[in-house]
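Fold and contact review
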Amino acid sequence: MTKRSHISLSVNGDEYETLCEPDQSLVDVLRNELELTGTKEGCSTGDCGACSIRLDGDLVCSCLVLAVEAEGKEIETIEGMAPKSDELHPLQRHFLEINGLQCGICTPGILIAAKALLEKNSDPTETEIRFWLAGNLCRCTGYDKIIRSVQAAAEEMRKG
Amino acid sequence: MATQKKDLLGQRLTRLEDPPLILGQGNYAADINFPNQLHMRIVRSPYAHAKITSIDTAEAAAISGIVKIWTSHDIADLPPIDFRADKSSEELKPFRQNVLATDRVRYVGDPVVAIFAEDPYVAEDAADLVVINVEQLRVITSADDEPGEFDVGLSSEAGLLTHTYGDVDAAFAAADTVIELDLRTGRHSGVPMETRGAIGVYDADEDILKLYGAAKVPHRNRDTLVRMLGRDEDKIELHEGHTGGGFGIRGELYPEDVLVLVAAMRLGRSVKWIEDRQEHMMAANQGRNQHHLVKIAVDKDGMILGMEDEFFHDQGGYVRTHGANVPNRTMCMLTGAYNVPAYRALCHFRLTNKTPAATYRAPGRFESTFVRERLMDALAVKLGIDRIELRRRNLITSDQMPFSLNFDEPGVEDMEIDNGDYPQLLDKALNWLKWDEMEADLERRRAAGEMVGSGIGVFVEESGKGPSDGARISVDENGDIEILTGGASLGQGFETTMAQICANALGVDYQRITVIHGQTNLIPYGIGAHAARATVMTGSAVNVTALTLRTKALDLAAEMLQLPADSLDIVDGTVIVTDKSSGPSITLAEIARRNEEGLAAEDFHKTKESAFPYGIHFAVVKVDPETGSIDVERFMVAYDVGCMVNEMLLEGQLVGGCIQGIGGALYEEFVYSDEGEPMAVTFADYMIPTLDRVPTVECMITEDAPSPHNLLGLKGGGEGGINGVGAAIAGAIDQAVGIPGAITQLPVTPQRMKEILNNS
């Protein structure tokens with residue numbers, strides 16, 4: 001066994017300290033050490049976007065980040081998306097109302113990626129949504145209701 | 001059958017499944033853990049076909065954290081992975097896959113060694129140190145190749161399968177025109193976004209083996225495991241959690257499922273296995289890989305006289321749980337929605353040295369619709385008859401229903417299409433699309449130099465095949481309702497669908513219903529979710545059970561309220577006098593409290609017949625002559641589903657299936673080198689459609705032909721989105737590039753498109 005490394009990181013505003021292997025991916029540490037299993041792994045090669053998280057605000061695939069690289073960084077995952085325990089983020093609510101998900105395994109990554117988009121661009125065109133989310137694979141929905149859900153959330157958020 | 005009220009059916013109710021999923025609280029196989037669990041890693045064959053001479057695990061075993069390493073010798077008592085009981089075939093039994101390869105490996109990815117370790121990273125490192133020594137054997141990578149040896153003295157052609165009716169020779173002798181085509185469908189698969197996973201747990205106190213990560217057909221897999229492991233039915237439990245997509249390929253019984261169970265028992269610790277994506281691309285079932293030499297005979301008016309097909313089915317390394325189901329479905333469904341008076345199909349069911357094949361969404365249908373509709377397009381050109389008109393002339397009409405295909409071969413199941421009005425759907429669809437305007441617009445664009453065109457795929461689907469399923473429904477003392485089924489949820493919205501059917505029949509709020517599925521310890525039977533069965537079979541079982549429960553509740557209420565039962569109704573969980581908002585009433589909760597036996601029912605839906613939905617796909621594509629890339633500008637699905645439970649969920653099935661079909665038509669292909677090396681083992685090589693490349697699929701759903709075989713008229717919706725996609729896209733490309741019959745092979749990758757354009 002290699003020597004384990006100590007890391008401290010902030011996830012959804014909560015401070016965590018944990019030990020990890022030097023070759024351990026961030027998605028594994030989130031899921032297995034911090035028990036935040038909302039982030040899913042779909043390919044481990046950065047092709048599917050299921051493990052999308054924010055790392056100091058940047059949208060990244062957490063399967064391609066080593067946990068030690070997250071030292072001192074701020075992380076945002078699906079578990080931190082709903083503003084309160086009884087209140088959903090507009091994206092979550094519209095995904096639910098429009099059926100923007102089926103099996104749900106790609107959904108946390110898509111919600112995180114869509115939230116990053118809407119923070120950068122509050123009024124994206126359909127084409128902008130399509131290209132922004134092109135790195136998030138979904139095999140169930142055929143994508144259309146995902147676009148409609150993001151558009152509906154964007155509209156609601158613009159209206160405040 | 002009597003008609004039943006359907007007030008709540010068709011409504012776009014939101015899904016009961018979604019609240020945990022949008023919060024990241026889904027509990028998929030990888031999220032399930034047990035104390036002190038071991039992690040399993042499979043060492044897979046790097047050779048496509050070889051004789052194993054020795055396996056050296058010493059170096060791997062020396063790594064700290066390795067608990068056990070198994071080769072086939074350690075589990076020599078286990079039988080091969082068996083066929084499901086209804087797929088059993090003595091002739092195919094020698095082609096089953098062992099849990100770990102014994103003396104031969106037959107595809108790259110064939111499991112050879114199982115490593116059990118304290119940590120998954122350690123298990124993976126150890127796997128790299130295992131050495132498999134082999135003598136390589138002749139590799140067969142195509143079903144077109146001369147068959148070789150599956151084993152000593154056993155041909156790799158596992159069987160010649162036939163489906164025949166009518167006098168085919170006479171039909172061709174009498175033909176005015178005969179068309180012959182050579183067509184291929186590529187190797188695709190479902191590729192769900194969640195890879196497979198299995199966790200084996202052994203409860204030593206109760207002597208019960210438990211499999212977590214089960215999906216699709218938990219009860220049927222339990223039955224197979226009972227046979228394979230020689231345990232009693234109540235000593236094996238399968239448990240389904242959240243499931244990240246299935247599409248036919250997940251949830252079959254695979255070697256890894258058996259390994260985690262047997263290891264949990266023999267090693268005395270729970271065993272977890274999560275497939276990685278690369279493994280998935282070489283180990284999970286693939287499909288579609290067929291080569292057809294097909295011909296059709298017609299008279300001078302274009303009326304079909306006969307059809308004959310000889311095809312080569314690439315089964316891959318072994319015959320898995322379905323036996324020969326896919327080639328058989330191909331042969332059953334090839335004639336589709338048309339009158340074909342005489343028919344003969346011959347399948348060369350051949351083993352090759354590639355990943356084993358089995359069912360993938362619309363198995364045998366995506367392929368056969370491509371073949372049939374290519375013939376119709378070719379005929380239309382040859383005869384100078386409009387392609388829509390030619391199809392219309394040959395469609396089976398509603399007055400021919402029920403329509404039977406009775407095959408000559410003993411043991412080949414006849415097919416009886418329950419009902420349908422295909423010409424009516426065609427007319428409705430053409431109106432909906434404003435077909436003539438659309439065609440004129442495309443014509444103008446072509447005249448202006450654009451490579452654009454439209455295509456069509458007409459198909460019949462089979463769904464809801466029996467024989468039976470049941471359900472138990474109970475109302476508790478708070479008025480909350482539980483539906484207990486042996487169904488399965490793969491993400492399609494099973495819980496909402498069942499709740500909506502129950503709420504409609506019983507008269508309750510669907511939000512108060514909990515739907516249980518995929519737990520073999522809670523209910524002894526269950527048909528699972530496959531072949532568009534769940535809504536028809538389990539849905540019908542839920543419907544009849546809810547009606548039985550309703551009668552029971554009304555009888556009890558009549559006694560309690562001292563009113564005749566036939567004057568009562570149930571609205572929003574309360575028994576009232578019909579159409580009276582005030583007056584005597586009693587809640588279902590109160591009835592459950594007051595009745596000694598509570599308030600519950602169990603009932604069954606049994607049928608020997610299938611329900612046959614039908615549809616038409618239309619595609620509009622634009623070809624870029626510079627790059628060969630093909631843009632699907634529009635895709636339209638017209639589909640008759642008999643009776644719609646939830647429009648929003650059905651759209652999801654149709655659109656999702658359609659986009660998967662576009663993947664198979666244009667992008668996705670499991671390519672192998674001549675040495676049998678899989679060339680597509682990541683999403684960078686196996687390109688499933690992405691958001692930037694797909695159209696908004698338009699749907700026209702009709703309910704013109706409710707099935708006579710169940711009370712609500714339900715037919716399946718899971719496969720109607722994908723069935724005709726290859727056919728429609730191929731026709732559209734032909735027209736776009738102005739080369740009739742250009743497309744003979746799917747997927748039409750940019751390379752293939754460029755080759756066609758360069759050679760023209």
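If you're wondering where the values come from, they're calculated on a predicted model, not measured in any experiment. Here the residue numbers are simple positions, counted from 1 along each chain's written sequence. All chains are assigned letters beginning at A, and all ligands numbers beginning at 1, according to the order in which they are written. Reporting in this predicted model follows two pLDDT cut-offs: at least 70 for local features of residues, and 80 or more for side-chain atom pairs to be given and counted; totals over whole chains, interfaces and linings ignore these cut-offs and use all residues. As a convention, hydrogens and water are excluded, and side-chain values are obtained from all of the structure's heavy atoms.

All names here are of chain B. Taken together, 7 strands build an open sheet; the order of strands is 3-5-1-14-11-12-13 and the sheet is mixed. With partners counted over all chains shown, the strands left at the sheet margins are strand 3 (66-70) and strand 13 (236-239), one partner each. Ignoring which end each strand starts from, the neighbouring axes of this sheet average 20 degrees apart. In this structure, strand 11 (residues 197-203) lies alongside strand 14 (residues 271-274), joined through 4 bridges in antiparallel fashion. By the bridge assignment for strand 14, Ile199 is matched with Lys272. Along the sheet face, helix 3 (residues 120-127) touches strand 1 (38-44), strand 3 and strand 5 (111-117) and points at about 25 degrees away from the line of strand 1. Every residue pair with non-hydrogen atoms within 4.5 Å of one another is taken to be in contact. Structural elements are reduced to axes, namely lines fitted to C-alpha atoms, with helices fitted over the stretch in contact, and the angle between N-to-C directions of any two is expressed from 0 to 180 degrees. Runs of H or I in DSSP of at least four residues are treated as helices and runs of E of at least two as strands, each being numbered from the N terminus. Contacts from helix 5 (residues 218-229) reach strand 12 (208-212) and strand 13, with the element oriented near 150 degrees to strand 13. When DSSP finds two or more bridges between a pair of strands, those strands are recorded as paired.

Before going further, it helps to examine the environment of Asp7 of chain B. Residues and elements named next belong to chain B. Inspection of the secondary structure assignment puts Asp7 in the segment before helix 1 (18-22). Burial status follows relative accessibility: with a 1.4 Å probe on protein chains alone, a residue under 20% of its type maximum counts as buried, one over 50% as exposed, and anything between as partly exposed. Judged by its relative accessible area of 57%, Asp7 falls in the exposed class. Remark: the alpha-carbon pair of Asp7 and Val113, spanning 106 residues in sequence, is separated by 56 Å.

All names here are of chain B. Where burial is concerned, most of strand 1 is hidden: 7 out of the 7 residues are buried. Residues of strand 1 alternate between two faces, with Leu38, Met40, Ile42 and Arg44 on one and His39, Arg41 and Val43 on the opposite face, all of them buried. The pairing of strand 1 with strand 14 spans 2 bridges and is parallel. Within strand 14, the residue paired with Leu38 across the bridge is Val271.

Another aspect to go through is the domain arrangement of chain B. Residues and elements named next belong to chain B. As used throughout, domain bounds are those supplied by an automatic or database domain assignment. When cut into domains, chain B gives domain 1 (18-26 + 465-606), domain 2 (32-137 + 195-243 + 250-283) and domain 3 (290-463 + 610-759). Placing the centre of domain 2 and that of domain 3 at their C-alpha centroids yields a distance of 36 Å. If you look at the interface, domain 2 gives 27 residues, while domain 3 gives 27 residues. Roughly 2200 Å² is buried in total at the junction of domain 2 and domain 3, and carbon and sulfur atoms are behind 61% of that figure. Its largest share of buried area at the contact with domain 3, domain 2 owes to Phe95, Arg106 and Met281, together 27% of the area lost on that side. By convention in these notes, a salt bridge is any Lys or Arg side-chain nitrogen within 4 Å of a carboxyl oxygen on Asp or Glu. Applying the counting criterion to the domain 2 and domain 3 interface returns 0 salt bridges. Polar contact is defined as a pair of N or O atoms within 3.5 Å, subject to the rule that within protein one atom must be able to donate a hydrogen and the other to accept it, and that residues adjacent in sequence are counted only when both atoms are side-chain atoms. Counting across the interface, domain 2 meets domain 3 through 11 residue pairs in polar contact (both at pLDDT 80 or more). Per-element accounting of the side of domain 2 that touches domain 3 gives the leading share, 5 residues, to helix 7 (residues 277-283). When two parts are brought into contact, each loses some accessible area as probed by a 1.4 Å sphere; the total of that loss over both is the buried area.

The next subject is the nonpolar core. Residue and element names in this part refer to chain B. We define a nonpolar core as any set of buried Ala, Val, Leu, Ile, Met, Phe, Trp, Tyr and Cys residues linked to one another through side-chain atoms lying within 4.5 Å. Among the nonpolar cores identified, the biggest contains 163 residues, and Phe635, Ile662, Leu666, Ile729 and Ile733 are the most heavily contacted of them. Looking at this core element by element, the count peaks at 9 residues for helix 16 (residues 647-667). Among residues more than four places away in sequence, those in contact with Phe635 are His617, Phe618, Ala619, Cys658, Ile662, Pro695, Thr696, Val697, Glu698, Val725, Ala728 and Ile729.

What follows covers the side chain of Arg84 of chain B. Residues and elements named next belong to chain B. When you line up the elements, Arg84 lands in the loop between strand 3 and strand 4 (104-105). At a separation of 2.7 Å, a polar atom in the side chain of Arg84 contacts the side chain of Glu252. In this view, Arg84 contacts Val217, Arg220, Thr224, Arg227, Glu252, Thr321, His322 and His530; residues no more than four positions away in its chain are not counted.

Counting residues at the interface gives 52 residues for chain B, matched by 48 residues for chain A. Carbon and sulfur atoms supply 60% of the area buried between chain B and chain A, which totals about 3900 Å² over both sides. On the chain B side of the contact with chain A, Ile22, Met193 and Leu691 of chain B bury the most area, a combined 21% of that side's loss. Our count for the chain B to chain A interface comes out at 4 salt bridges. Here Asp31 of chain B ties to Lys40 of chain A by a salt bridge, and the two come within 2.5 Å at their closest N and O atoms. Elements supplying a minimum of two residues to the side of chain B that touches chain A: helix 1, helix 3 and helix 16 of chain B. When residues of the side of chain B that touches chain A are assigned to their parent elements, the largest contribution, 9 residues, is made by helix 16 of chain B.

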